[in-house]
Amino acid sequence: MAKTLAEKIWDEHIVRAAAGEPDLLYIDLHLIHEVTSPQAFDGLRLAGRAVRRPDLTIATEDHNVPTQNIDRPIADPVSRLQVDTLRANCAEFGVRLHSLGDKDQGVVHVVGPQLGLTQPGMTIVCGDSHTSTHGAFGALAFGIGTSEVEHVLATQTLPLVRPKTMAINVEGALKLGVTSKDIILAIIAKIGTGGGQGYVIEYRGEAIRALSMESRMTVCNMSIEAGARAGLIAPDQTTFDYIQDKPHAPYDFDAALAYWETLFTDEDAKFDVEVTINADELEPFVTWGTNPAQGAPLNSHVPNPADLEDDEARGAAERALIYMGLEAGMPLKNIAIDTVFLGSCTNGRIEDLRAAAQVIKGKKIASTLRMLVVPGSARVRLEAEAEGLDKVFIEAGAEWRNAGCSMCLGMNPDQLAIGERAASTSNRNFEGRQGKGGRTHLVSPLVAAATALRGTLSSPADL
Amino acid sequence: MEKFIKHIGSAVPLRRSNVDTDQIIPAVYLKRVTRSGFEDGLFAAWRSDPEFVLNNSAYSDATILVAGVDFGTGSSREHAVWALQNYGFKVVISSRFADIFRGNSLKGGLITVILDQSEVEAMWLAIEADPTTQISVDLERRSVSYNGTDLEFTIDDYTRWRLMEGLDDIGLTIKNSDSIDIFEKSRPHYKPLTLPIRA
């Protein structure tokens, strides 16, 4: 029977299927971090259980860690306890951990791929909703809660209900200055924050095939912002080349490759839903509201809620404009920014830093704002420094930080103040996401860089 | 986990859509390493506004939250479920929940009930007219009843059975550990291992 890619991977991982019950799925890789794991390890201890497969498990410290002074003890005692708890749990249960200061420490979704642990056809989970990132390799990867983290630690499986499938075809070619971030922001604006709910999305089409691995990760990363637990892209030569020289690339590469080449949606397979987007029509895209679907092309205006027909959408837009301190009808390019954040599991990889550095090189950021550049992992930081990107940012007046989730979420020292407005390459513009009372506009690394130079939301074309 | 058969209580109307888990509990409250005490962080930003519905003493005994569409979007933090439970909620009603939040809630015994948006709106009006309105959520009958209105909801048989028996998934899975052993024997040799560490 013809199958979609998601169905193939699903079926290959069924440990047990019984009528009227969820399928029991085997998990190939479990990623752990400090925030969603302590209660899971506690559960194991209470029940006297071991971690079934420490050799399929890996941990790092990312969410609550500082990005400055990482050689000193973490100043916030509650954060320190959480990190110390992860260290103690990993030591007790034999789990590999990359701690602050280690070259493989960093945002969990940057670490997996850079180590070559993320490979096509795998099932990958983590107690973090942006686990969908790994779908860029043609893996079925999704975020889970802490009860499920405990379940995977104990059994290396999860009981799951088979999701529906959605194809998003991105046809045509992107214009210069338009990036994968703009693709995904436009998709979310089109289908809404609940549009992908219950589905695994497969991103297809010419424009997706043309993307680098790192750009593909940006697209898959934000699948959850459209409500889809997982988003994936069929692996191809771009994928295989990316994995080949990574530390955990298969020793028997040919055997792996022979399998990876079977990972595509069969020609006559049917998706439950198909959506088509034309890449030629896309422009740099930014958000104006307080959920990731409230976005618009940078060259347009803050929408007028009165123009929205749907009562829910109108109410949400009215509330969002009040929170964001914006007037309906104002050009998005007139919005003055206080902080530019370049980083996160969405856009904290080396290509993102290179793209921004190219815009900024030899120039100074606006005196009215600050810019934080936070590499997604210590390895990315070292790579950037080897290329001299750190100097580009520092000479422009930006802050060059250590790896972590940083300002993507307000749980470490990098936060917005009340009323402070950010252009952020991260993934969520929720109220208070980057700090209580903070205001977030989601942007691509190119828009972040141009905005840093001009002080208002801008693209490189405006320079 | 406590068995859930039926719950009767009063409700609080949360007339907001797209309530993401960062609103349910902001990240700064996620640093505890226990499962308790998260009620402090529940809707923390909104609770500083005296007009916020949870601050209305008429609803102080509520154990059922009736929310707008797309409740629980965003982060996978199960702390959102714990915060609602620690605060005293037993049931959340909405016309649509985000997948991860719904999964987390049903694992932990917080019952999430999906009703049509028109039914949610009728319920909001009834609760606002009389905050003491008693709402009965019956998992056995798969029904929500109040003021003579009787609404049916769907929940899959397996999850309903597990909640009514108060069973946790891990115990159920371990009963099938033979099938896990068998599956592991057939895993391809080229699948990556995190150990030993390769530099």
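Look up a bit, the structure's there.
Cut-offs used in this document
Residues numbered from 1 in each chain as written. Chains lettered and ligands numbered in written order. Predicted model: local features only at pLDDT ≥ 70, side-chain atom pairs only at ≥ 80, totals over all residues. Heavy atoms only, no water. Buried < 20%, exposed > 50% of the residue type's maximum accessible area, 1.4 Å probe, protein only. Helix = DSSP H or I, 4+ residues; strand = E, 2+ residues; numbered from the N terminus. Salt bridge = Lys/Arg side-chain N within 4 Å of Asp/Glu carboxyl O. Contact = heavy atoms within 4.5 Å. Polar contact = N/O pair within 3.5 Å; in protein donor to acceptor, adjacent residues only side chain to side chain. Phe/Tyr/Trp six-rings, centres within 6.5 Å; stacked < 30°, edge-to-face > 60°. Lys NZ or Arg CZ within 6 Å of the ring centre and 35° of its normal.

*Asks:* What exactly am I supposed to notice about helix H4 (residues 99-108) of chain B here?
*Replies:* Since one α-helical turn is 3.6 residues long, residues separated by three or four positions face the same way. Residue and element names in this part refer to chain B. Within H4, seven of the ten residues are buried, which leaves it mostly tucked inside the rest of the structure. Considered for burial, the residues of H4 that qualify are Ile 100, Phe 101, Arg 102, Asn 104, Ser 105, Leu 106 and Lys 107. Among the residues trailing H4, Gly 109 stands out with phi positive, at a value near 90°.

*Asks:* Would you mind going over the pattern of salt bridges with me for this structure?
*Replies:* Pairing between side chains of opposite charge can happen when the charged atoms of each approach one another. Taken as a whole and judged by the stated rule, the model has 41 salt bridges over all chains. Across the salt bridge formed by Asp 181 of chain B and Arg 52 of chain A, the nearest N and O atoms sit 2.7 Å from each other. Of the two residues, Asp 181 of chain B sits in helix H8 (residues 177-185) while Arg 52 of chain A sits in the loop between helix H2 (38-47) and strand S4 (57-60), which places them in two different chains. Classification of Asp 181 of chain B by relative accessible area gives partly exposed; the value is 33%. For the salt bridge of Arg 401 of chain A with Glu 399 of chain A, the shortest nitrogen-to-oxygen distance reads 2.6 Å. The structure contains a network of salt bridges with shared partners spanning Arg 52, Arg 53 and Asp 55 of chain A together with Asp 181 and Glu 184 of chain B.

*Asks:* Where do I start with the side chain of Ser 180 of chain A in this structure?
*Replies:* Relative to the elements of secondary structure, Ser 180 of chain A occurs in helix H6 (residues 180-191). Once residues lying within four places of it in the same chain are set aside, the contact partners of Ser 180 of chain A are Leu 174, Leu 211, Ser 215, Thr 218 and Val 219 of chain A.

*Asks:* Please clarify how the interface of chain A and chain B should be interpreted in this entry.
*Replies:* Much of the literature gives interface size as the accessible area that the parts lose upon coming together. Between chain A and chain B, the contact holds 80 residues from the first and 61 residues from the second. Linking chain A with chain B are eight salt bridges, by the criterion used here. Salt-bridge contacts for Lys 191 of chain B lead to Asp 28 of chain A; the nearest nitrogen and oxygen are separated by 3.1 Å. Between the two partners, chain A and chain B, sit 43 residue pairs in polar contact (both at pLDDT 80 or more).

*Asks:* Please clarify how the packing of aromatic side chains should be interpreted in this entry.
*Replies:* In this description, an aromatic ring pair is defined by two values, namely the gap between the centres and the angle between the planes. Evaluation of the coordinates by the stated rule reveals 16 aromatic pairs over all chains. Their ring planes at 20° and their centres at 5.8 Å tell us that Phe 240 of chain A and Trp 260 of chain A sit as a pair that is stacked. One end of the pair, Phe 240 of chain A, is in helix H9 (residues 237-244); the other, Trp 260 of chain A, is in helix H10 (residues 253-260), with 20 residues separating them in the sequence. Taking the relative accessible area as the measure of exposure, Trp 260 of chain A reaches 1% and is therefore buried. By the ring-pair criterion, three or more aromatic residues cluster together here, those being Phe 240, Phe 253 and Trp 260 of chain A. Positioned above the aromatic ring of Tyr 242 of chain A is the side chain of Lys 246 of chain A, whose terminal nitrogen or guanidinium carbon lies 4.1 Å from the ring centre. Positioned over the ring face of Tyr 251 of chain A is Arg 198 of chain B, at 3.8 Å from the centre of the ring.

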